[in-house]
Amino acid sequence: MKQFIIFLGVMFVLALPKLTFAQEDSSLNIVDDIQFDLRSITASGDTLVVDLFAISYEKNPREFRLNVFASAIIDSEDQSHMLTSVQIDRVIVQLADRENYLNYLLHQDKPVNIKLKLSPLTEEVKNAKLVKIVFNALDDEGQFLEAFIDLNKEEEL
């Protein structure tokens, strides 16, 4: 009987880590160990400006290769609109430059500002619901990942 109780105690201790459930924050938008956060959305004149933060948690430093032509703002009617310009920190790529990628070196736990601009501003774009960021996967050179940022969850800073 004593051995049976010891056996049950050992089994309980071994099973305990599997019984605990980690609480995961569903509001975090993490893709390939990069967290994307919405900072602000502004409409000035005929331009929509979306400010985001990107933070790398695992690699230091980490190459971030954004596909400018594939990244887009998705409007209220689920239509995709190409961005007029993309800026990460001080690096700017204009759509007119016809550069497909914007390369940036992310440092661990250091947020970087991403500014997306779209012009001209239409009523559908003014009520945009998502931003789609397309970037190269860290481990697989040819694979591109998509991060969708909900524009209806603007956070107060």
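Here the structure is a predicted model, which means the values were calculated and not measured. (Residues numbered from 1 in each chain as written. Predicted model: local features only at pLDDT ≥ 70, side-chain atom pairs only at ≥ 80, totals over all residues. Heavy atoms only, no water.)

1. Some thoughts on the overall build of the chain
Regarding its fold elements, the chain presents 2 helices and 12 strands. Taken from N to C terminus, the helices and strands of the chain fall in the order α-β-β-β-β-β-β-β-β-β-β-α-β-β. Residues counted as buried form 34% of the 157 residues belonging to the chain. Taking the intrachain contacts of the chain between residues at least 6 apart in sequence as the baseline, contacts between residues at least 24 apart amount to 65%. Put simply, the chain shows about 10100 Å² of open surface, and 51% of that area lies on carbon and sulfur atoms. (Helix = DSSP H or I, 4+ residues; strand = E, 2+ residues; numbered from the N terminus. Buried < 20%, exposed > 50% of the residue type's maximum accessible area, 1.4 Å probe, protein only. Contact = heavy atoms within 4.5 Å. Areas by Shrake-Rupley, 256 points an atom, 1.4 Å probe, with all protein chains shown as cover.)

2. Concerning the pattern of salt bridges
Inspection of every chain in the model, using the stated rule, returns 2 salt bridges. Note that Asp32 and Arg62 form a salt bridge whose closest N and O atoms lie 2.7 Å from each other. Separated by 30 residues along the polypeptide, Asp32 in the loop between strand S1 (29-31) and strand S2 (34-44) and Arg62 in strand S4 (residues 62-67) bring together distant segments of the chain. Close ionic contact of Lys129 with Asp78 constitutes a salt bridge, the shortest N to O distance being 2.4 Å. In this pair, Lys129 is assigned in the loop between helix H2 (123-126) and strand S11 (130-136) and Asp78 in the loop between strand S5 (72-74) and strand S6 (80-82), connecting sequence segments 51 residues apart. The exposure class assigned to Asp78 is exposed, which follows from its relative accessible area of 52%. (Salt bridge = Lys/Arg side-chain N within 4 Å of Asp/Glu carboxyl O.)

3. A short note on a negative patch on the surface
On the surface, Asp33, Glu58, Asp109, Asp139 and Asp140 cluster together into a patch of negative charge. Mapped onto the elements of the fold, Asp109 is located in the loop between strand S9 (101-106) and strand S10 (112-118). Here Asp109 falls in the partly exposed class, since its relative accessible area comes to 48%. (Patch = residues over 30% accessible without salt bridge, like charges linked within 9 Å, V, L, I, M, F, W, Y side chains within 5 Å. Lys, Arg positive; Asp, Glu negative; His and termini not counted. Charge placed at Lys NZ, Arg CZ, Asp CG, Glu CD.)

4. Regarding the pairing of S2
Examined bridge by bridge, S1 and S2 share 3 bridges and lie antiparallel to one another. Within S2, the residue paired with Val31 across the bridge is Ile34. The hairpin formed by S1 and S2 contains 2 residues between the paired strands, and Asp32 there has a positive phi angle of roughly 55°. Taken together, the 10 bridges between S2 and strand S3 (residues 47-56) define a ladder with antiparallel strand orientation. Each bridged residue has a counterpart across the sheet, and for Ala43 the counterpart in S3 is Leu48. (Pairing = 2+ DSSP bridges.)

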